[in-house]
Amino acid sequence: RTALTALARIHVQGHQVDWTALFGGGHRPRLALPTYPFQRRRYWLEPAARTAADARGLGLAAVDHAVLGAAVAQADSEGVLLTGSLSLATHPWLADHVALGTVLAPGAALVELAIRAGDEVGASTLDELVIESPLVLPERDTLHLHVAVGAPDGTGARPVTIHSRPAPGPASQAAPAAVDGAWTRHASGLLSADRPGTAAPTAWAPAEGAEHLAPEEAYELLSAVGLDYGPAFRGLREVWRDGATLHAHAVLPEPLTGDAARFGLHPALLDAAAQLPALDGADRDPADGDPAAARTRRLPFAYRGVTLHAAAATELRVLVTATGSDSYRLEATDPAGRPVITVESLVTRPVVTDRLGAEPAVGRDTLFAVDWPEVAVEAFDGASDEVLRVDGDVVATLAALQSWLAQDEGAGAPLVVLTRQAVA
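The rules behind these values
- Residues numbered from 1 in each chain as written.
- Predicted model: local features only at pLDDT ≥ 70, side-chain atom pairs only at ≥ 80, totals over all residues.
- Heavy atoms only, no water.
- Helix = DSSP H or I, 4+ residues; strand = E, 2+ residues; numbered from the N terminus.
- Buried < 20%, exposed > 50% of the residue type's maximum accessible area, 1.4 Å probe, protein only.
- Contact = heavy atoms within 4.5 Å.
- Areas by Shrake-Rupley, 256 points an atom, 1.4 Å probe, with all protein chains shown as cover.
- Pairing = 2+ DSSP bridges.
- Salt bridge = Lys/Arg side-chain N within 4 Å of Asp/Glu carboxyl O.
- Arc of directions from axis to C-beta.
- Core = buried A, V, L, I, M, F, W, Y, C linked by side-chain atoms within 4.5 Å.
- Polar contact = N/O pair within 3.5 Å; in protein donor to acceptor, adjacent residues only side chain to side chain.
- Phe/Tyr/Trp six-rings, centres within 6.5 Å; stacked < 30°, edge-to-face > 60°.
- Axes fitted to C-alpha atoms, helices over the stretch in contact; angles between N-to-C directions.
- Parallel < 35°, antiparallel > 145°, perpendicular 65-115°, else oblique.
- Left-handed = near helix turned anticlockwise from the far one by under 90°.
- Nonpolar A, V, L, I, M, F, W, Y, C, P; charged D, E, K, R; others polar.

Undergrad: Teacher, can you tell me more about the overall build of the protein here?
TA: On a plain count of helices and strands, the protein comes out with 9 helices and 17 strands. Here the protein, with 424 residues, has 38% of them falling under the buried criterion. The long-range share in the protein, meaning contacts at least 24 apart out of those at least 6 apart in sequence, stands at 66%. Of the roughly 25,100 Å² that the protein leaves accessible, carbon and sulfur atoms contribute 54%.

Given below as structure tokens:
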């Protein structure tokens, strides 16, 4: 049988075997086949089946970032578009960034997004980023983000823009164009491939006699001007004020350190450094004798000359120097004095309080919530002529509601549905 096996192997490899000589022209033995089924078991990997939702299958490149998830090269230019999403459900730490009573994505987050987008095309120096509209974070909805980097101009500079819009809800799957909201542009600026040489270590230590501010005192001053930061954005550990210069030690809160490597510089840590300009004069009268100024506070408006020297930092030594009435230079190093980020100019401007929290409602797929206020039943006992009794009949109740909504009169008046023992 061993000889037959060897000859069979020679035969199936394409060689001629003289079977007659082997068996001498006599009877050829028959070999019984195994009585068990053949084992068709593969020992190699099969390629994964692609689906319509597979980003790579749609021509997108994956992006390893905590907010941005995919990038696509623009077909008609040398630009690139990065996409992602943002919500308080996926990034709950953003709920701790409250400015003038409104939850906002910090300007530091927009700076970090722009720099990350520049990395895709080798233009990581942020020459300028102007915040045109605050990125207000809705309580429940998700926002889709677009960070677009355009083609370089004659000097090599590339335009960058950051847009958002509410993500379509489940009902939009049938007709997405009818419910998709309009895009809002939050920031625009310029990126450059001209990366300056590594900055020299900064002489960070505050001078003897500099005014020391404990973290609690610093955040009390910030709260007094409408900046109510929660734990995620209370990264300042020590602050010293020395004339036009502020020194600070900032640390990324422990719950956020796991995401530090997925950002160039975590927005909560960069925001802690950017909080220092707000401390400059925060203990003065915000109205400054002008009644109109009482309704405004100053927030970062423009960042110029931003260079990220090192990524994934979790601790900073920060030096902020006033260069004008509303502009500051910011330098930050790691504890060893190695440069992390430089901002040549951070410009602040007043923000009108009553305009800050407005969210566009047109085109949004809004999810309404049910509220149950307590109302005295006696308030409706004398209004029998205005009460339609629909005892136990859900269909009649629905018809009554539809009829009431279709009426022209009574617009703006409340409609009360009174139930008794409706739930156990």
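Undergrad: Sorry, what's going on with the sheet that holds strand S4 (residues 97-99) here?
TA: The strands that make up a sheet pair up through hydrogen bonds in the backbone, lying either parallel or antiparallel. Read across the sheet, 3 strands follow the order S5-S4-S11 without closing on themselves; strand pairing throughout is antiparallel. Of all strands in the sheet, those with a lone pairing partner are strand S5 (102-103) and strand S11 (227-229), marking the two edges. Relative to S11, S4 runs antiparallel, the two sharing 3 bridges. Residue pairing in the sheet places Ala99 in a bridge with Leu227 of S11.

Undergrad: What exactly am I supposed to notice about the pattern of salt bridges here?
TA: Once their charged atoms are close, side chains differing in charge can pair, the charge on each being opposite to the other. One pass over the full model with this rule turns up 9 salt bridges. Linking Asp334 and Arg338 is a salt bridge whose minimum nitrogen-to-oxygen distance equals 2.9 Å. For Asp334, a relative accessible area of 14% translates into the label buried. Among the residues examined, Arg338 registers a relative accessible area of 54% and is labelled exposed. Beyond isolated ion pairs, a larger network of salt bridges with shared partners links Arg329, Glu331 and Glu344.

Undergrad: How should I be thinking about helix H5 (residues 215-224) in this particular structure?
TA: Residue pairs spaced three or four apart in an α-helix point in one direction, given the helix's 3.6 residues per turn. By the burial criterion, the buried members of H5 are Pro215, Ala218, Tyr219, Leu221 and Leu222. All buried residues of H5 fall inside an arc of 155° around its axis, so they share one side. For H5, the exposed residues set more than 90 degrees away from the buried face come down to Glu216, Glu220 and Ala224. Looking at the packing, one finds that the buried side of H5 touches strand S10 (211-213), S11, strand S12 (236-242) and helix H7 (276-279). Positive phi shows up at Gly226, right after H5, with a value of about 90°.

Undergrad: What should I look at first to understand the nonpolar core in this one?
TA: General note: in soluble globular proteins, nonpolar side chains tend to be found buried as a group. Counting 81 residues, the largest nonpolar core has Leu126, Leu236, Val239, Leu276, Val318, Leu330 and Ile341 as its most contacted members. In terms of residue count, the dominant contributor to this core is helix H3 (residues 107-119) (7 residues). Contacts of Leu126, omitting those with residues within four sequence positions, involve Val111, Ala114, Ile115, Val160, Leu190, Leu191, Arg304, Gly305 and Val306.

Undergrad: Help me out: how do you make sense of the side chain of Ser327 in this one?
TA: On the secondary structure map, Ser327 appears in strand S16 (residues 327-333). A polar side-chain atom of Ser327 sits 3.3 Å from the main-chain amide nitrogen of Gly324. Here Ser327 is in contact with Thr321, Ala322, Ser345, Leu346 and Val347, once residues within four sequence places are set aside.

Undergrad: Any chance you could explain the packing of aromatic side chains here in plain terms?
TA: A ring pair, where both rings are aromatic, is described by two values, the distance of the centres and the angle of the planes. Per the stated rule, a full pass over the model turns up 3 aromatic pairs. When the ring of Trp93 is compared with that of Phe233, the centres are 6.0 Å apart and the planes differ by 35°; the resulting orientation is tilted. Highlighted residues: Trp93 in the loop between strand S3 (80-86) and S4 and Phe233 in the loop between S11 and S12, separated in sequence by 140 residues. Each member of the pair, Trp93 as well as Phe233, carries the same accessibility label: buried. On the basis of an interplanar angle of 85° and a centroid distance of 6.3 Å, the ring pair of Trp93 and Phe263 is categorised as edge-to-face. You can see Trp93 sitting in the loop between S3 and S4 and its partner Phe263 sitting in the loop between strand S13 (245-251) and helix H6 (267-274), a full 170 residues away along the chain. Looking at Trp93, the relative accessible area reads 11%, which means it is buried. Aromatic ring contacts, followed pair by pair, group Trp93, Phe233 and Phe263 into a single cluster.

Undergrad: Mind showing me how you'd approach the environment of His163 here?
TA: Tracing the backbone through its elements, the reader meets His163 in strand S8 (residues 158-166). For His163, a relative accessible area of 22% corresponds to the partly exposed category. A sequence separation of 18 residues divides His163 from Leu145, and the C-alpha atoms of the two residues are 5.7 Å apart. Once you skip the residues sitting within four places of it in the chain, His163 turns out to touch His144, Leu145, His146, Trp183, Thr184, Arg185 and His186.

Undergrad: How should I be thinking about the packing of H3 against H6 in this particular structure?
TA: Between two packed helices, what matters for the description is the angle formed by their axes and the separation of those axes. H6 packs onto H3 with a crossing angle of 125° between their chain directions and a minimal axis gap of 8 Å. Classified by the angle between their axes, H3 and H6 sit oblique to one another. Relative to H6, H3 is oriented so that their crossing is right-handed. On H6, the residues that touch Ala108, Ala109 and Val111 of H3 are Pro267, Leu270 and Asp271. Class assignment of the residues belonging to the contact of H3 with H6 gives a composition of 5 nonpolar, no polar and 1 charged.

Undergrad: Even after reading the chapter, I still don't get unusual backbone geometry, so can you show me in this structure?
TA: Backbone phi values are negative for most residues with the exception of glycine, while trans is the configuration of most peptide bonds. Positioned with a positive phi, Leu100 is a non-glycine residue whose angle comes to about 55°. Inspection of the secondary structure puts Leu100 in the loop between S4 and S5. Positive phi, normally seen in glycine, also occurs at Ala312, with a value near 65°. Following the sequence through the fold, Ala312 ends up in the loop between strand S14 (296-308) and strand S15 (315-322).

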